[in-house]
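Fold and geometry: a report
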Amino acid sequence: MLTPDATIRFQDVEQVFMSSDGTAVQALANVNFSIARHEFVAVIGPSGCGKSTLLRIIAGLVRPTRGSVQIYGLPVTEPREEIGIVFQRPTLLPWLNILDNVTFPMRHKYGRVTAQETERARELLALTRLEEFAAKRPDELSGGMQQRVGIARALLHDPDILLMDEPFSALDALTRDEMSFELLRIWTEKPKTVLFITHSIPEALLLADRILVMSARPGAVREIIDVGLPRPRTLDTLSEKRFNELANHIRSQVFSRPVAA
Amino acid sequence: MNSQTTSAARSSAAPLQPELTKRKLLVLAWLDRLAPVLAALAVIGVWELICRVFALPNYLLPSPSAIVTSAFALDPGIWLTHTWATLRVSLGGYALAIIIAIPLAVLLANSRLMSRTLYPMLVVIQSTPIVGVAPIIVVLMGAGEMPRIFITFLITFFPIVVSTVTGLMSTPEELKELSRSLGASKAREIRNIQLPFAVPYIFSALRISITLAIIGAVVAEFVAAEKGLGFFIAFSTSFLRIPQAFAALIVLVTLSLLLFQVIALVQRWLFPWSLPKESR
Ligand SMILES: Nc1ncnc2c1ncn2[C@@H]1O[C@H](COP(=O)(O)OP(=O)(O)OP(=O)(O)O)[C@@H](O)[C@H]1O
Ligand SMILES: [Mg+2]
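Residues numbered from 1 in each chain as written. Chains lettered and ligands numbered in written order. Predicted model: local features only at pLDDT ≥ 70, side-chain atom pairs only at ≥ 80, totals over all residues. Heavy atoms only, no water.

- Taking an unreviewed UniProt entry as the reference, chain B is identified by name as ABC transporter permease belonging to Alkalilimnicola ehrlichii.

Structure, rendered in structure tokens:
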């Protein structure tokens, strides 16, 4: 899968952190994969295996200790314009209303927001079904609604690459399913390359084209699974035979001990 | 037909019920407001009674009526002079504390080196009893308003530093990362993200510090001053004019409470979102 026209490409990436007690923690070892343009890739793996680190490296927030990471064939040296990040927690600014929260990246970077951007923010709020909450404050919204604001905020500058770090993990199961389908709807309407970290196997299967299964520390890609379930995915997808087969397979992969080489 | 009559009956009964409870609530709300006033009046009444029944001399415990009498016996201009002097020192030291504490806090919160170097020093300053240092400061800085302002500053600035640092550090890591991922400068991150996050913390420190500022000014005036309410209390007691000292004390408490309220109001006006939801 190391195609030259890949959007994101990891080559022999290794990440070692110096922790506060002076010991070295190897977060990632020998990570190789690449993601094609407008592909939806889910990352799944045990806690602490380096999923967030992977995302931070793509975002240009962390420099890998070894190896190279390329976006559109160019090495990542600093944060890039075309990336949008959705964090695990809906981190909104409590002093701004919802609309201003969505336009915050522009105001923060350039000091002003154009009418066009405000217009776009309204469209995104409509897309995330929040238009009537534009003037409300974050603490007047439910957790799931706040998370959708976070998604709208990440989409404001129409990023070509969307990085999502367990964006739905704080939500209850029902909201979670609803959000998954909304995300798919948005992704279909505005195709983009998505890296989606999750702890939920069904979520990964429902959303992704491919699933990166990672092994425990030091994190490495254990397996890359082609999901191959037909799109559009619906609630019926959850009861497909292949869905359950894949779910069982991934479960055994995540929970088994690392295979000796 | 039938459903109409029931709904009509209901609608005529419905407004009556909330009206009653509304009135009850209003009375309760007033009681809630008046309770502290009534309690204070009761305390003053008992105080007056004790002084009269036991015929306590004024130099031991002046009665409230004696305090009020002595307060009005004095030229209002004298009160104004002393109050104004204390207010100037308090606000001067307070303003200086804010101007120095907040940038210092920004530095401490954003630089590990700075916080490791400066924090121990700040803790030492805070652990030093200012009352003991005050005479030394006066000797060092000479007479005049500056040493008093400096003493007030010393007492007020530490809580502001600590609280502001805590507030700045409470900024979610994700927002700092968002800022970095946008390629925004550190200055922007501090101004647009960190400082607003610290606002509730800053204001809780500002409320504490404004009362400390009055204490600082009074302490400084005890040590060296020729005017101010602290000086006036020391002066009055040295001549055994206890009711007059008590009157000055009451002016101080009032001043302190007023300034506290002013800070609370400023927060409500400028940063209503920083208040807890139920008190907006
Ligand atoms: N800044 C850092 N300094 C030191 N160690 C770090 C740092 N960031 C991550 N680590 C370590 O790297 C490892 C991987 O962390 P990471 O956050 O990427 O895991 P994760 O897969 O996202 O876990 P989770 O599923 O629980 O979110 C962990 O052992 C963590 O302690
Ligand atoms: Mg993580």
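Back to the write-up after that little detour.
Observations concerning the interface of chain A and chain B
- The interface is formed by 24 residues belonging to chain A together with 19 residues belonging to chain B.
- Here chain A packs against chain B, burying approximately 2100 Å² in sum over the two surfaces, 63% of which is carbon and sulfur.
- By the criterion of area lost to chain B, the three top residues of chain A are Leu61, Trp95 and His108 of chain A, representing 33% of everything that side buries.
- With a closest N to O distance of 2.4 Å, Arg56 of chain A and Glu177 of chain B form a salt bridge.
- Residues that form the side of chain A that touches chain B fall into these classes: eleven nonpolar, four polar and nine charged. (Contact = heavy atoms within 4.5 Å. Buried area = accessible area lost by both parts, 1.4 Å probe. Salt bridge = Lys/Arg side-chain N within 4 Å of Asp/Glu carboxyl O. Nonpolar A, V, L, I, M, F, W, Y, C, P; charged D, E, K, R; others polar.)

Topic: the domain arrangement of chain B
Residues and elements named next belong to chain B.
- Each assigned domain of chain B is listed here: domain 1 (2-53) and domain 2 (64-279).
- Computed over C-alpha atoms only, the centres of domain 1 and domain 2 are separated by 38 Å.
- Residue-level contacts link four residues of domain 1 with four residues of domain 2.
- Overall, the association of domain 1 and domain 2 removes approximately 330 Å² of surface from exposure, summing both partners, and the carbon and sulfur fraction of that is 72%.
- The three residues of domain 1 that bury the most area against domain 2 are Ile44, Trp47 and Glu48, which together make up 88% of that side's buried surface.
- Where domain 1 meets domain 2, there are zero salt bridges.
- Counting the contacts that link domain 1 with domain 2 gives two residue pairs in polar contact (both at pLDDT 80 or more).
- Class assignment of the residues belonging to the side of domain 1 that touches domain 2 gives a composition of two nonpolar, no polar and two charged. (Domains from an automatic or database assignment. Polar contact = N/O pair within 3.5 Å; in protein donor to acceptor, adjacent residues only side chain to side chain.)

Here we look at the site of ligand 1
Residue and element names in this part refer to chain A.
- Looking at ligand 1, there are 13 residues lining it, with Ser47, Gly48, Lys51, Ser52 and Thr53 nearest.
- Separating an oxygen atom of ligand 1 from a backbone N or O atom of Cys49 is a distance of 3.2 Å.
- Protein chains bury 67% of the 630 Å² of accessible surface belonging to ligand 1 in isolation.
- In terms of residues, the shell around ligand 1 owes the most to one element, helix 1 (residues 51-59), which gives three residues. (Near = heavy atom within 4 Å. Areas by Shrake-Rupley, 256 points an atom, 1.4 Å probe, with all protein chains shown as cover. Helix = DSSP H or I, 4+ residues; strand = E, 2+ residues; numbered from the N terminus.)

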